[in-house]
Every structure is written in C-alpha cells, then in structure tokens.
Amino acid sequence: MKKQDWKFMQVFGDKASSDNVSDEDIISAVQFERTGRFLGLGDRAGRLIVFEVPQTKKKDKAEYQYLTELQSHTREFDFLKSTDIEEKINQLQWLRGQGKNMYILTTNDKTVKLWKISEKNVTKVIKPSGKDLAMPKLQVVESGLIPSVRKVFPNLHNYHINSLTASNNEEFVLTSDDLKVYLWSIEQPSKAFVAVDLKPENLDELSEVITSSTFHPTLDNQFLYTTSKGIIKLCDMRKSGICDNTAITMSEPEDPAKKNFFTEIVTSISDACFSRNGKYIFSRDFLTVKVWDIAMTNKPVATVQVFEPLKSKLCDLYENECIFDKFSIASTLDSNSFITGNFNSTFHVVDRMGECNSQYELNFNKKTIVRQIPPKYFENLGSSYDFNRKVQKLSMCQTQNLVAVACLNCLYFYTA
Amino acid sequence: MPKIENTTGMPINLIIDELKSDDIRKRIHSVKHLDLIASTIGPDRTKNELIPFIQELLDDDDEVLIELVDSLSRNFVELVGGQVQVLLPTFEALCRVEDASVREKAANQIKKCLTQLPDQKKVEELSIGIIKRLNDSDYYMAKNAVAILIPAIFNQVSQNNQNDLINIILKMSQDQIPQVRKFTSMYFQDLVKHFPLVNETFIQNILNSFIKDEQDFIRMYIVDALIQASKTPFLQKQQNFVLNMFKQLAEDQSWRVRYYFCDKLAEIGEAVTKEGYRKNFQNYHLKFLQDNEPEMKSIAALKIERVSTLMDPEDILNKLIPLLKSIQSDTNAFVRNALASSVLALCPIIGKKNTSEQILPIFLTLLKDQDSEVRITLFKKLSLITNVLGVDSLSQSVIPALTELAQDKNWRIRASTIEVLSFFARAIGPEFLSDKVLKLLLDWMGDKVFSVRQTAIQQTAQLISILGLAWADKNLLTKIWAFQSIQNYLHRLTVLFTINQITSQLNNEYIIKTIVPILQSMAKDSVANIRSNVCRTSIQLAKEKGGNVVDPMKKILQTLSDDQDAEVKYQAKSALESL
C-alpha cells in the first residue's frame, strides 16, 4: 500500500488568537460539502461559518476563503428539565445544492435546523399601498448570500443529540441521542421512525448508551451505531422495521486480565465511520482505533494504539477530565488509511493494517511537522504536552485527498 | 363574478401592505385574503398589478407558500376575468420551490388551468413550454412537476412533441439524483394509462430499469404502474411480463417494497381477476402473514377483509384460517389490532357452521385481549359476526367485555366504547340494547370525566335518531330526567345538556308535557350555574321549536329575570329581549 504523505496546505487562525481563545470560538463541528467546493464549520457559540474555493481558471489547488456565516442556534432554556440547552453545534450535514442554493442541516443538543443559503435580494417596502390600492413599491436593500431557516425540528429527541447524517439519496436523515436512533425524512418531520431503541424498562438499569451513528457512504439502507460499551452495530433497514433485531454486532470481548478502573471509560467509542469503499469500519475509542472488516465480524482486523504514552497518563487524564474527550475519525479516499485527532495539536494518519502511524503536529508556521510513531512507543509526556489543544473534529473531502482539521478555534487544511 | 365581502375588519390597503410584513403571521393572513384584494381591485388590475406582484412573494417561508398556492387555487380564474393563462407563470414558479406539497398543488393547478383553455393549440404550446423550462431548470426539484404534467397532456399534443416528452421521461428515469428517478416512478402510473399511445417497449424498458434500481422507493411505485397497466390492453399483450414483475416485487429483499405490494393486493387482485389472484398472488399473502417483520404481518392481517372476496372459501378454511391462530396471540399489539379489524369479514363468506367452529374462538380470544384498542376495533366490526350467528348467542360474551371496557381506567377508552353503541344500534337494532347495555349508558352519563359524559349525551342523541323518541323515552330518557335530584350539580347539568343536544328530535307535546316541568323545577335550583343553563336551554327551545313552546319558556325566563344572581338575571333579560 502506497504510503500517503500529507502536507500542510492552509490555516485559518493564528498563534495570538489561539493563545487567548475564548470558549465560544472553539470549533465543534466540521464538514466538507459533497463536491468539496464548500466547507462548513460550527462552533460553541452556535455559529455556522462557510468557506469556499472560489472558481478560478487556475488548475492548481486553490485555497479556501471565508464566504459567509450565520447564527444557527442560540442558548435556550428547557422549562421541563430546568436546564440550559447549549447553542454549541454538535454536527453539520450538507445536502445536495440546487442551482446556486446551499442547504445545510445543523444540530445542537436538542434542535435540528435546515438552513438555506442563497443569492437573493432582500427588499423593503418604500411606498405602501394607499387609497388607490396600488401594490407596495419595493426597493432592494441587501443583495448577496442571505441565509434563511427553511425548517426547524425542535422536539425530535428527549436526550442530547450526538449525531446527524443524511443517507446518500438524502431521503432519510439519521439522528441519534443517548438511547434512540431515529430515521426521519425532511419532508415529513412529524413521522420519525425509531430504528433503534436502547431504553430499558427501568431507567435505573441503564448501562449502555449510544455514542454515535452514521450512514453507509453509498448504500442508503445501511447504517451503524456505536455504544459506550465499545460495541458497533451494523443495521440494514431492508431487513426489518426495528433495525436492532437484525443488526450485525461487532465487539471485542474484554480481557479480564487487563481490566482496570479506566477500562470502561476508555472503551466507549467516540466516533466510527465506514471506509470510503464501504468495506471496513474504523472505530475510535479513547486510546485505540479498531479496524473491522465487514465480511469478518468476529474480531477486528487491526487494533491500533493511537498514541501509547497516553496509557500511562490515565490518572491525570481522569483528574483533568480529558479522559472523556471524544475524537472524530475519517477514512481516506482510497480506504487504506484513517485520520484521527489527538492532544497537543496533533493528529495521526495510520494505514488500516496498523503498520505505519504518522503523527502530524499542527503549527502556524505553514510547515508540515511529521514523525513516525513505531509500535510500542513510549515517551515521557512532560509539562509542555498540552491537553487543552485537542484536535477533536476533522472532515475528509469526498472528491480529493484533502482533510480539514480543527484545533480549538483554528482550522487547518492538509493535502496528500 | 362574485364580489367578495371584506370580513377581516381591516382596510384593503393594509392587507396589501402586510403581504410584505416582517411578521409571518400577518403575511399568511394577507395571502389568505388575496381573493379579497383581487375582487376589490377588479380583474384588469389583478391581471396587471397583483399577479406580477405575487412574484415578489415567491421567496418566502414554506408556510406562506402553502397558503399562497391554496389561495390562488380557489377562484382566481374568475378573478382574472377568465384569462387562465395569466396565472400559469406564477404556478410555474411555484413548481420550483423546496416544499413538495406546494410543488404538487401548483402542478395540479397548471393541469386544471390547461383544461379550461378552449384553444387546443394554445394548450399544446403552453404546456410544452412549461414542461421544457422546468426540465431545464437548475433546480432538480422542478422535475417533480414535469413528471406530473407530462401524463396529463400527453394525449393532447402532436406526435413530435410526444416523442420529445418520452425522451424527457427516459432521461429522468436514469438521472443520477435519486429524487428525480423517484418522481418519474411515482407518476409513471399516470403515463401508462395512455397505452397504446405510449408503446409497449417504452413501458417495459422503463419498468425494467426501475426494478433494477437500488433505491427502495423507486421499486415500490412499480406496483402502481403495473396496476394501471393491467387496466389497459397491456395486460393481455404482456401478461407474463406483468405477472413476473409483480412476483419480483412480492419477493423483494426490502420489507418496505413488500409492504407496499401487500397494501395494494386488493387492487392487484381486481386488475388480474380472481383466477389470476388465486393462481399467482394468494400464496404471497399467506406468506406475508408469517413474515418475521411485524409491519408485514400487520398489513397482511389488515388486508384479509378485502382479499377474502377474491379467495375460494375452501382456501380460506384450509389455508388462511390456520395461520390466524398464531397471529391472534402475536406479541405485537398492532398486529393483533389489524387482525381484529378484518377477521370478522370472513364470517359471511364461510357460513354459519364454519364461523362458529373457526372464527368464534378467535373472536373470543381477541375479546379478552389485554390491549383495549384491540377490543374496541373488534367491537366496531361486531355486526359482521352477529349477522351470521345471531345476537343472542353472542351477547353472553360481548356484554361482559363491553362492561369491562366501559369501566376502563383510561377515559379515552371509555369514550371510544360509547361510540361503539351507535354501531350496534344501527346494525343490530334495539334488542341489543338490553337493560345491561342501557345501564352502561347511564353510568357513562354519570361518569367523573366531562368528555365521557359529553360523548354519552351525543350518543343518546344518535340513538334517538336511529331508534325513535318513543323507544328512547321509555327506556332511557325518564332515567336521565331522574338525574335532577342528584346532589352533585355537575350531574344535574347533564339533564340540561341532554335537552340541548336532543332538541331537534323532540316534538312540542313532549316538550310541554315533560321538559317544561323539569325546567320549571330547575329554575329554582340553588346553584346559579344551573339556573343560568336553564336560561340557555329555554331560549334554545323557544327559538328552535317556536309555536306553543314559546310561552312557557317566556314564563320561565321571566321568573329568572328577577333572580338574585346578576349573571342569571342578565341572561334571562337578554333572552327575553331577543324573543
């Protein structure tokens, strides 16, 4: 397998702003649009920011530029539970554009919204209809890319929404919260279909929650969901209505010898994705990535330690609560490698056999800083190792080898 | 042309201004009254000013657009002075919006407008223009309207144009965007109706490409297209093709496609005739009843009622009924509910003896089902089995079940059960409404929950209309009038509400003989609310019945106009004034 070399391409953000980052600017969701021409970003302040590659005649890879932004969600108060509903964007999903219009689904913990960004003229009435009952005269006050909310889906979920994906044919949207996975259609939001229901009869007996879900990249009938017990379930909508009954389960049984206080926490899967060709599943838990071949579901084909030195720091990580951080994972275009984030402004590109683990360090000097991490690697993580610089969100472009990586409030692009 | 009256309470120019208000509710309100604006400014100005202005409204929220398309559908043809083609550009623009219901309504309005144009050549020119423009649009959603319009005008255009339209459909059926293929599949059933104007090869090619499509929702609609095709000579010419394709759909990997097939079984049966159904599809229905997926079992059970008319009674006995035994105890309540709604339809077909031996046990099991919905569904179809077996034999089992439902903890169940009574009265007649059943009705009249009492009162009115006042008086009403002496005033109110509800069915002698004394006595009730309702009842009786009822009512109202309670006094006085 040809090893891929990723190189720095572009960064949004600089050292100054990154040192004094305010909580609300932290990027919480990233996604490329299907053609790669646009990129959407969501942050903790509930904003959606869109970047684009301007259409130029130049053949070489043009750079992304800021295009527009909108305030997607605002802080709300849940009267029933007496808690705040954060405006942080949890996930984005681009939908097929029509003409010059862009459509994006965004979600926070509770509410999914469908945004449309289009070129239009905003008009204002300058002369109202008078006694002669003439039509009001209008004047264009603003022209350009104007966002508008097309649909709002407020009451879909009882618990916090963790994932939002659309099927390839965009007929269905898959959203999951802690206990349920819903399938619904944008046209008929009132009819959400429960695909998976993990709610036990007695909530006190709750031991397992859903942590993420995603559709298959090309087959519209298949999706997977992951749980806090490190289990992946692959479901086929064709086989049955309630998909959980006929799902294929992928999980590795715990080795009782290695069990310790942290085992339960670190086996919780934070994110999982299909490889681009749909043959493999990459699942990310706190310390490792497991590569599953869908044709062989009894054990993973590879288990990769992302960054072994973290194992020795589990106590500290528990104290500073970083052990609960969730990292995203994405598959490269050729399905031979995966990319996932880590602490200290680093991200890893690993091939799916787990043989070659490259760690890239994000920096503002436009340099590509990479080193190989051999198996059984150890390093003493000193005080300079920054657990606050987490690379939690990333997105792979579907049309070229281009990945967008987010660290705090900065966005980096790497290409191969 | 009718002039529309302004009932909004607002001046017309304000309504016009609010079409562009910042408040969405005001915009919706103004859009609702577009016909009022049009009617006020007249057809010429509507044509020249209002319709062009509507273009400015097209970029609005879905809610406004839904209201807009409904508003324009009402009587705008008249409002533009009969010049239908003026409306076409607006509807054409509405075919491009994101909301599917707006697009479909707009496309249907275009269809309607085209039928009102007298000049055939004009129809052809306009429709082809619209179709081509929508097809070439950047917005792929616009092809939805194309799929709707092409079948509508296909037989009215020239051969050349027909070929163009065929090519458009061919391209749409292979579009890479799944939604476009979906539009084509959904409306293909309308195009197929034009066979032999659309030729065999074309139909076969399109259906063959759809059946191979990986998208469930595209394969699903083939069922409709095949049903329509079977109603044309296409069936005779290509019988094997049609039957084979139906079979592929019945055996589809995706349960949603099988579900859709099962849902249309009755129509399929009608299209291919009984022999065709029995030979080719009967087994699929029986298989569906044993499917793993509860949704499949549900729809198959639901369809028993309709497909039973296609089956041979012997087959029903030997093949269908044995399968029902496992369904009646299925863990899923929806499945049992579906069975309850259709199993009794088998009774008239298989005769008394078989019903007694085979269906009665199932009936009795479902009657004791733990889910109240199942029991109620069963009740609604009760007449089907009582017609075959007779009421008496069943009343022993039915009455206790009814009593149990009547006392269910959930008030909604109690209310639904009451509605069942009028089914019985209609289907079976007064002999079903024995003392026990009437006692239930009276219990409901005295229920704690107001909704249940209301429903019971409404049912009483229904029963009177079915069984007559004399019967009702003897068996029911006298006991209701006895409620006058109940301590809790809410139940005394029931007397008055009942009178209100059954006013139209009472005759004047009855009123004078029975109702007047009741009202006179209740006019002296200690609770003001009661006396207030006496006013309401009296004025209603006086106005609706007139004649010799008016005087006694006036007397009652006069006594009440000196009441101590201000509200009662006011009501009585204004009632008297209005007489």
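Residues numbered from 1 in each chain as written. Chains lettered and ligands numbered in written order. Predicted model: local features only at pLDDT ≥ 70, side-chain atom pairs only at ≥ 80, totals over all residues. Heavy atoms only, no water.

Chain B carries the name TOG domain-containing protein in an unreviewed UniProt entry, which gives Paramecium pentaurelia as its organism.

Per an unreviewed UniProt entry, chain A carries the name Serine/threonine-protein phosphatase 2A 55 kDa regulatory subunit B and comes from Paramecium primaurelia.

Q: How would you summarise the sheet that holds strand E18 (residues 232–236) of chain A if you had to cite specific residues and measurements?
A: Each strand in a sheet pairs with its neighbour through backbone hydrogen bonds, running either in the same direction (parallel) or in the opposite one (antiparallel). Residues and elements named next belong to chain A. A sheet is described by the order of its strands in space; here four strands give the open sequence E16-E17-E18-E19, paired in antiparallel fashion. In the strand order of this sheet, the two ends are held by strand E16 (210–215) and strand E19 (248–250), each with one partner. Ignoring which end each strand starts from, the neighbouring axes of this sheet average 20° apart. Judged from the three bridges that link them, E18 and E19 form a sheet pairing that is antiparallel. Residue pairing across strands places Leu-234 opposite Ile-248, the latter belonging to E19. (Pairing = 2+ DSSP bridges. Helix = DSSP H or I, 4+ residues; strand = E, 2+ residues; numbered from the N terminus. Axes fitted to C-alpha atoms, helices over the stretch in contact; angles between N-to-C directions.)

Q: Residue-level account of the interface of chain B and chain A, with values.
A: Of the residues lining the interface, 38 residues belong to chain B; the matching set on chain A comes to 34 residues. Of the roughly 3200 Å² buried where chain B meets chain A, counting both sides, 45% is carbon and sulfur surface. Of all residues in chain B, the largest losses of buried area upon contact with chain A belong to Asp59(B), Glu98(B) and Arg256(B), amounting jointly to 17% of the total for that side. Here chain B is connected to chain A by 21 residue pairs in polar contact (both at pLDDT 80 or more). Put simply, the parts of the chain that give the side of chain B that touches chain A at least two residues each are helix H1 (12–17), helix H3 (34–54), helix H10 (178–192), helix H12 (216–220) and helix H16 (255–263) of chain B. The biggest single contributor to the side of chain B that touches chain A is H3(B), with six residues. (Contact = heavy atoms within 4.5 Å. Buried area = accessible area lost by both parts, 1.4 Å probe. Polar contact = N/O pair within 3.5 Å; in protein donor to acceptor, adjacent residues only side chain to side chain.)

Q: Help me get a handle on the pattern of salt bridges, residues and values and all.
A: One pass over the structure, following the stated rule, counts 49 salt bridges over all chains. The salt bridge partner of Arg27(B) is Asp60(B), with a shortest N-O separation of 2.7 Å. Of the two residues, Arg27(B) is situated in helix H2 (residues 24–32) and Asp60(B) in the loop between H3 and helix H4 (62–79); the sequence distance between them amounts to 33 residues. The pair formed by Arg27(B) and Asp60(B) is uniform in burial state, with each residue classed as buried. With a closest N to O distance of 2.6 Å, Arg336(B) and Asp369(B) form a salt bridge. Taken together, the residues Arg336(B) in helix H22 (residues 333–342) and Asp369(B) in the loop between helix H23 (347–367) and helix H24 (372–380) connect sequence positions 33 residues apart. Each member of the pair, Arg336(B) as well as Asp369(B), carries the same accessibility label: buried. Residues joined by salt bridges that share partners form a network here, namely Lys116(A), Arg150(A), Lys151(A), Asp62(B) and Glu98(B). (Salt bridge = Lys/Arg side-chain N within 4 Å of Asp/Glu carboxyl O. Buried < 20%, exposed > 50% of the residue type's maximum accessible area, 1.4 Å probe, protein only.)

Q: Provide a residue-level description of the environment of Lys47(B), including the pertinent values.
A: Residues and elements named next belong to chain B. Here Lys-47 is to be found in helix H3. Residues Lys-47 and Leu-87, 40 residues apart in the sequence, show an inter-C-alpha distance of 8.6 Å. Lys-47 has contacts with Pro-52, Val-80, Gln-83 and Val-86, leaving out every residue within four places of it along the chain. At a separation of 3.4 Å, a polar atom in the side chain of Lys-47 contacts the side chain of Gln-83.

Q: Talk me through the state of the cysteines; I want residue IDs and the actual numbers.
A: Residue and element names in this part refer to chain A. Taken as a whole, this structure holds zero disulfides over all chains when the rule is applied. Left without a disulfide partner, Cys-356 is nearest to the cysteine sulfur of Cys-273, which lies 18 Å away. The class of Cys-356 is partly exposed, set by a relative accessible area of 21%. Among the cysteines around Cys-397, which has no disulfide bond, Cys-273 carries the closest sulfur, lying 15 Å off. When its relative accessible area of 0% is taken as the criterion, Cys-397 is described as buried. (Disulfide = S-S within 2.5 Å.)

Q: Go over the packing of aromatic side chains, please, and point to the residues and values.
A: Residues and elements named next belong to chain B. This model, assessed by the stated rule, comprises 38 aromatic pairs over all chains. Note on Phe-261 and Phe-281: the rings are 6.0 Å apart at their centroids and 65° apart in plane angle, and the pair reads as edge-to-face. With Phe-261 in helix H16 and Phe-281 in the loop between helix H17 (265–280) and helix H18 (282–288), the pair connects residues that are 20 residues apart, well separated along the chain. For the pair Phe-261 and Phe-281, one class covers both residues: buried. Summarising the aromatic geometry, the rings of Phe-261 and Phe-288 are spaced 6.2 Å apart at their centres and angled 75° between planes, so their arrangement reads as edge-to-face. Of this pair, Phe-261 sits in helix H16 while Phe-288 sits in helix H18, and the two are 27 residues apart along the sequence. Phe-261 sits in the buried class, given a relative accessible area of 0%. The exposure class of Phe-288 is buried, given its relative accessible area of 3%. (Phe/Tyr/Trp six-rings, centres within 6.5 Å; stacked < 30°, edge-to-face > 60°.)

Q: Explain the side chain of Ser163(A) to me, and be specific about the residues and the numbers.
A: Residue and element names in this part refer to chain A. Take Ser-163: it is sitting in strand E12 (residues 163–166). A distance of 3.0 Å separates polar atoms of two side chains, one belonging to Ser-163 and the other to Asn-162. With residues up to four places along the chain from it excluded, the contact list for Ser-163 reads Gln-91, Leu-174, Thr-175, Ser-176, Thr-211, Ser-212 and Ser-213.

Q: Which residues make up the packing of helix H32 (residues 508–522) of chain B against helix H33 (residues 528–545) of chain B, and what values do they have?
A: For any two helices packed against each other, one specifies the inter-axial angle together with the distance between the axes. Residue and element names in this part refer to chain B. One can describe the packing of H32 onto H33 by two numbers: an axis separation of 10 Å at closest approach and a directional angle of 160°. One finds that H32 runs roughly antiparallel with respect to H33. The way H32 lies across H33 gives a crossing that is left-handed. Of H33, the residues touching H32 (which contributes Asn-508, Ile-511, Ile-515, Leu-519 and Met-522) are Ile-530, Arg-531, Val-534, Thr-537, Ser-538, Leu-541 and Lys-545. Across the contact of H32 with H33, the residue classes tally to seven nonpolar, three polar and two charged. (Parallel < 35°, antiparallel > 145°, perpendicular 65-115°, else oblique. Left-handed = near helix turned anticlockwise from the far one by under 90°. Nonpolar A, V, L, I, M, F, W, Y, C, P; charged D, E, K, R; others polar.)

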